Amino acid sequence: MRSKWIAMGLVAGALLAGGCGGEAALGEACEEEGADGECEDGAVCGKPDDSAALQCLKTCVEQTDCLATEECNGIAGSNLKGCRPK
């Protein structure tokens with residue numbers, strides 16, 4: 001009986017640990033534009049262009065933070081900026 005409870009505890013712990021890693025990586029889909037904590041550190045949820053679905057974009061303060069093929073622009077719903085394709 002005791003080993004059954006231990007096994008159930010391990011399974012529950014694994015499920016909780018797997019479910020807590022909810023931060024999306026750069027380029028991955030996200031759900032709320034400008035939301036804090038939805039994307040990994042150094043990224044913000046935004047639209048890469050006017051028609052695209054939301055995804056995690058690299059945050060920036062100025063143009064030099066982005067690649068030459070990207071623009072540093074504001075993200076709706078926040079005071080953050082993200083690197084978007086030109």
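Source: prediction; values computed, not measured.

Cut-offs applied
Residues numbered from 1 in each chain as written. Predicted model: local features only at pLDDT ≥ 70, side-chain atom pairs only at ≥ 80, totals over all residues. Heavy atoms only, no water. Disulfide = S-S within 2.5 Å. Helix = DSSP H or I, 4+ residues; strand = E, 2+ residues; numbered from the N terminus. Buried < 20%, exposed > 50% of the residue type's maximum accessible area, 1.4 Å probe, protein only. Pairing = 2+ DSSP bridges. Axes fitted to C-alpha atoms, helices over the stretch in contact; angles between N-to-C directions. pLDDT = per-residue confidence, 0-100. Contact = heavy atoms within 4.5 Å.

(A) Main features of the state of the cysteines. In the structure shown here, the tally under the stated rule is 4 disulfides. The residue that forms a disulfide with C30 is C45, at a sulfur-sulfur distance of 2.0 Å. Because the sign of the S-S torsion sets the handedness, a value of about 90° for the bond joining C30 and C45 places this disulfide among the right-handed ones. Here C45 lies in strand β1 (residues 43-46) and C30 lies in the loop between α1 (2-19) and β1, a separation of 15 residues in the sequence. For the pair shown, C30 and C45 are each scored as buried.

(B) Representation of the sheet that holds β1. Pairing is antiparallel in the open sheet, where 4 strands are placed in the order β1-β2-β4-β3. Both edges of this open sheet fall to β1 and β3 (70-74), since each of them pairs with a single strand only. Taken pair by pair, the neighbouring strands of this sheet meet at an average axis angle of 50°, ignoring direction. Here β3 pairs with strand β4 (residues 81-85) via 5 bridges, running antiparallel. Counterpart to E71 in the pairing with β4 is R84.

(C) Highlighting the confidence of the model for the chain. This prediction gives the chain a mean pLDDT of 81; 74% of its residues lie at or above 70. Looking across the chain, the model is least confident in α1, with a mean pLDDT of 41, and most confident in β3, with 97. This stretch, residues 3-20, has a pLDDT under 50; its non-local contacts, to residues over four places away or in other chains, come to 0 contacts.

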